[in-house]
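Remarks on the overall topology
Take a look at the letters that make up each chain.
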Amino acid sequence: PDSRVIYLALRQDRLGLSEADKLKRVYLDYTTDRNGQASAFGLTHFGFRDDTGYRSEDLFVGDSPNGPIVMRCVRPSHEVPSPSCLRELLVGRGVSLSYRFKRAHLEAWRSIAAKVDSLIAGFAKSAK
């Protein structure tokens, strides 16, 4: 439940929605309160409605200089004793990155995001 491993996946993305766009155009329509509530670690928490495919997840949004950081986190339960959080973001034209980390490390969301951003920037530099 507290593994420090972060799983990354790069994939083709035909929709090209930014995190801000996904938040507004997809996720907020499925929440119980479009304004959310202030939560721990400088995040805003949104609960998903029970009649959605996201019913077993929470949505957390944090602010960054580049816009919102949007993470869906599976709720802890007897069926899921080791829940994870997922972030999906565009990293280039037609390319998105998703990464998962254990919900137990949600308090480190800023550091995780910064390190993933740095890793991706390093890929871009070495490709030039």
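Everything that follows concerns the structure shown earlier in this document.
The rules we used
- Residues numbered from 1 in each chain as written.
- Predicted model: local features only at pLDDT ≥ 70, side-chain atom pairs only at ≥ 80, totals over all residues.
- Heavy atoms only, no water.
- 1 Å grid on protein atoms, 1.4 Å probe; cavity = no way out; pocket = protein on both sides within 12 Å on 5 of 7 lines; lining within 4 Å.
- Points joined across faces, edges and corners; volume = space filled by probe spheres on them.
- Helix = DSSP H or I, 4+ residues; strand = E, 2+ residues; numbered from the N terminus.
- Salt bridge = Lys/Arg side-chain N within 4 Å of Asp/Glu carboxyl O.
- Buried < 20%, exposed > 50% of the residue type's maximum accessible area, 1.4 Å probe, protein only.
- Phe/Tyr/Trp six-rings, centres within 6.5 Å; stacked < 30°, edge-to-face > 60°.
- Core = buried A, V, L, I, M, F, W, Y, C linked by side-chain atoms within 4.5 Å.
- Contact = heavy atoms within 4.5 Å.
- Patch = residues over 30% accessible without salt bridge, like charges linked within 9 Å, V, L, I, M, F, W, Y side chains within 5 Å.
- Areas by Shrake-Rupley, 256 points an atom, 1.4 Å probe, with all protein chains shown as cover.
- Nonpolar A, V, L, I, M, F, W, Y, C, P; charged D, E, K, R; others polar.

So, on to empty space enclosed by the protein. Taken as a whole and judged by the stated rule, the model has 1 cavity of 30 Å³ or more. The volume enclosed by the largest cavity comes to roughly 60 Å³. E19, K22, L23, Y27, V70, R72, L86, R87 and E88 are the residues that line the largest cavity. Breaking the lining of the largest cavity down by element, the ones donating at least two residues are α1 (19–25), β5 (67–74) and β6 (84–92).

Bringing the pattern of salt bridges into the picture now. Scanning all chains against the criterion turns up 9 salt bridges. We note a salt bridge from D51 to R49, for which the minimum N-O separation is 2.9 Å. Judged by its relative accessible area of 60%, D51 is exposed. Between R72 and E57 there is a salt bridge, and its shortest N-O distance comes to 2.6 Å. On the criterion of sequence distance, the pair formed by R72 in strand β5 and E57 in strand β4 (residues 57–64) is long-range, its members being 15 residues apart. Here R72 and E57 have matching classes, each one buried. A cluster of three or more residues bridged by salt bridges with shared partners is formed by R11, K22, E57, R72 and E88.

Attention now moves to the packing of aromatic side chains. All told, the structure shown has 5 aromatic pairs when counted by the stated rule. Ring centres of Y27 and Y54 lie 5.6 Å apart, and the angle between their planes is 80 degrees; this geometry places the pair in the edge-to-face category. Highlighted residues: Y27 in the loop between α1 and β2 (37–38) and Y54 in the loop between β3 (44–47) and β4, separated in sequence by 27 residues.

Counting residues in each nonpolar core, the largest one holds 16 residues, and the members touching the most others are M71, Y99, F101 and L106. Listed by contribution, the elements that provide at least two residues to this core are β5, β6, β7 (95–102) and α2 (109–127). The residues touching Y99, leaving out its near neighbours within four places in the chain, are I6, Y7, L8, C85, L86, R87, L89, I112, A113 and V116. Listed in part, the 9 residues of the second largest apolar core include L23, Y27, F48 and V70.

On to unusual backbone geometry, then. Look at F41: it is not a glycine, yet its phi comes out positive at around 65 degrees. If you trace the backbone, F41 turns up in the loop between β2 and β3.

So, on to a nonpolar patch on the surface. A cluster of nonpolar side chains, namely I6, L8, L10, V91, V95, L119 and F123, defines an oily patch on the protein surface of about 540 Å² accessible area. Sorting the residues of the nonpolar patch by element identifies β1 (7–12) and α2 as the ones contributing at least two each. In this fold, F123 is placed in helix α2.

Looking at the largest pocket, its volume works out to about 370 Å³. Taken together, 22 residues make up the lining of the largest pocket; nearest its centre are E19, S64, N66, R87 and D117. Of all the secondary structure elements, the ones that give two or more residues to the lining of the largest pocket are α1, β4, β5, β6 and α2. Looking at the lining of the largest pocket, the element that brings in the most residues is α2, giving 7 residues. Space inside the second largest pocket adds up to approximately 180 Å³. If you trace the second largest pocket, you find it lined by S3, R4, V5, I6, F101, K102, H105, A108, S111, I112 and K115. If you list the elements that add at least two residues to the lining of the second largest pocket, you get β7 and α2. Here the element with the most residues in the lining of the second largest pocket is α2; it accounts for 3 residues. A breakdown of the residues in the lining of the second largest pocket according to their chemical character gives 5 nonpolar, 3 polar and 3 charged.

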